[in-house]
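# Results of the structural survey
The primary structure of each chain is shown beneath.
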Amino acid sequence: TDQQQKVIAILPNRGRIYDRNLQALALNVNVDSYGIKAAQVVGLDPAALKRLTGRIGRLTGQDPSKLYGRMLASKRGFKYLARGVNMTRSLEIKNLPIFEKNKDLFQVEREVRRAYPLGAVGGQIVGFANVDRRGIAGVELFHNELLKGSDGFSVVQVDGKGRQYAKVETQFTPALNGADVILTIDAGTQAVAEEILDATVDRHQANGGMIVLMQPTTGEILAMASNPKYDPNAPTATSMESQKIRPVVNMYEPGST
């Protein structure tokens, strides 16, 4: 019986992060990933594969020649043509005549990715989560246990070729979505504070700087930033040093706090 059943993980939605006015600082968006089995690459003639990888490469910001080379590099396994493609760009790929003609060769996976709508504003506070939806820095890391939720599972019946044909209803546990987190940060105040900090650093030709705005009667932090800053939508585009929220993580206090 065990050989005729398969356990499928059900992933939870990661909790969202808001500022004090419930403006979203981190949320989840649907994306598509496009892949193909290496053995099926041979189902495309080289000219067609080159056209396909060229168009997908340009639509998704990849080097078409490197993408083409990656498709030819191995005759075994599964290869991704593109990962984390937003819905607008994904529709453009699906509408490509060459993709439509060969769509049976490809596997399109709907995934959920983390997005940070305010970009670099508050980026060091919010931090970021990786493609596996695990917090790596900032609030995403500090409150990862709250945000991540718990996986569920479903047991399905499969045939001799591993194809699913029924669900075993008695062996089903739903995923538990992560909790939302509301910060004391005010997004508007945060944006202004960062502008003032950046202008001050430029005016004094400093190597960097820090700023903290606090409501003194309650101790609530309304804004906090370091210069240089970074955008959590592209965490690898800047140095690890830029990702640090230095008023909190530096060994020494930043002057008279």
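Residues numbered from 1 in each chain as written. Predicted model: local features only at pLDDT ≥ 70, side-chain atom pairs only at ≥ 80, totals over all residues. Heavy atoms only, no water.

### A word on the pattern of salt bridges
Summed over all chains, the structure comprises 14 salt bridges. Its salt-bridge partner being E111, residue R83 comes within 2.9 Å of it at the nearest N-O pair. Within this pair, whereas R83 is found in strand β4 (residues 78-86), its partner E111 is found in strand β5 (residues 106-115), the two being separated by 28 residues in sequence. Here R83 falls in the partly exposed class, since its relative accessible area comes to 42%. Note that R89 is salt-bridged to E92, the shortest N-O span being 3.2 Å. (Salt bridge = Lys/Arg side-chain N within 4 Å of Asp/Glu carboxyl O. Helix = DSSP H or I, 4+ residues; strand = E, 2+ residues; numbered from the N terminus. Buried < 20%, exposed > 50% of the residue type's maximum accessible area, 1.4 Å probe, protein only.)

### As for the nonpolar core
Where a protein is soluble and globular, its nonpolar side chains tend to be buried together. With 19 residues, the main nonpolar core has L52, I56, L81, F99 and F106 as its most contacted residues. Going through the elements one at a time, β3 (24-37), α2 (46-59), α3 (64-72), β4 and α5 (97-101) are the ones with two or more residues in this core. (Core = buried A, V, L, I, M, F, W, Y, C linked by side-chain atoms within 4.5 Å.)

### Structural notes on the pairing of strand β12 (residues 220-227)
In terms of strand pairing, strand β11 (residues 209-215) meets β12 through seven bridges, oriented antiparallel. The partner of G209 across the bridge, within β12, is N227. Hairpin connection from β11 to β12: four residues lie between these consecutive antiparallel strands, with G219 at a positive phi of about 80°. (Pairing = 2+ DSSP bridges.)

### Some details on the packing of aromatic side chains
According to the stated counting rule, one finds three aromatic pairs in the structure shown. Relative to Y80, the ring of F78 lies with its centre 5.1 Å away and its plane at 90°, an arrangement referred to as edge-to-face. Between F99 and F106, the ring centres sit 5.3 Å apart and the planes meet at 25°, which makes this aromatic pair stacked. We note that F99, like F106, is buried. Taken together, the ring pairs connect Y34, F99 and F106 into an aromatic cluster. The ring of Y68 carries K50 above its face, with NZ or CZ at 5.3 Å from the centroid. Taking NZ or CZ as reference, R83 lies 4.4 Å from the ring centre of Y80, over its face. (Phe/Tyr/Trp six-rings, centres within 6.5 Å; stacked < 30°, edge-to-face > 60°. Lys NZ or Arg CZ within 6 Å of the ring centre and 35° of its normal.)

### Regarding the environment of Y68
One can find Y68 in helix α3. For Y68, a relative accessible area of 17% corresponds to the buried category. Remark: the alpha-carbon pair of Y68 and S150, spanning 82 residues in sequence, is separated by 38 Å. With residues up to four places along the chain from it excluded, the contact list for Y68 reads P46, L49, K50 and T53. (Contact = heavy atoms within 4.5 Å.)

Keep in mind that these numbers describe shape and distance, not what the molecule does.
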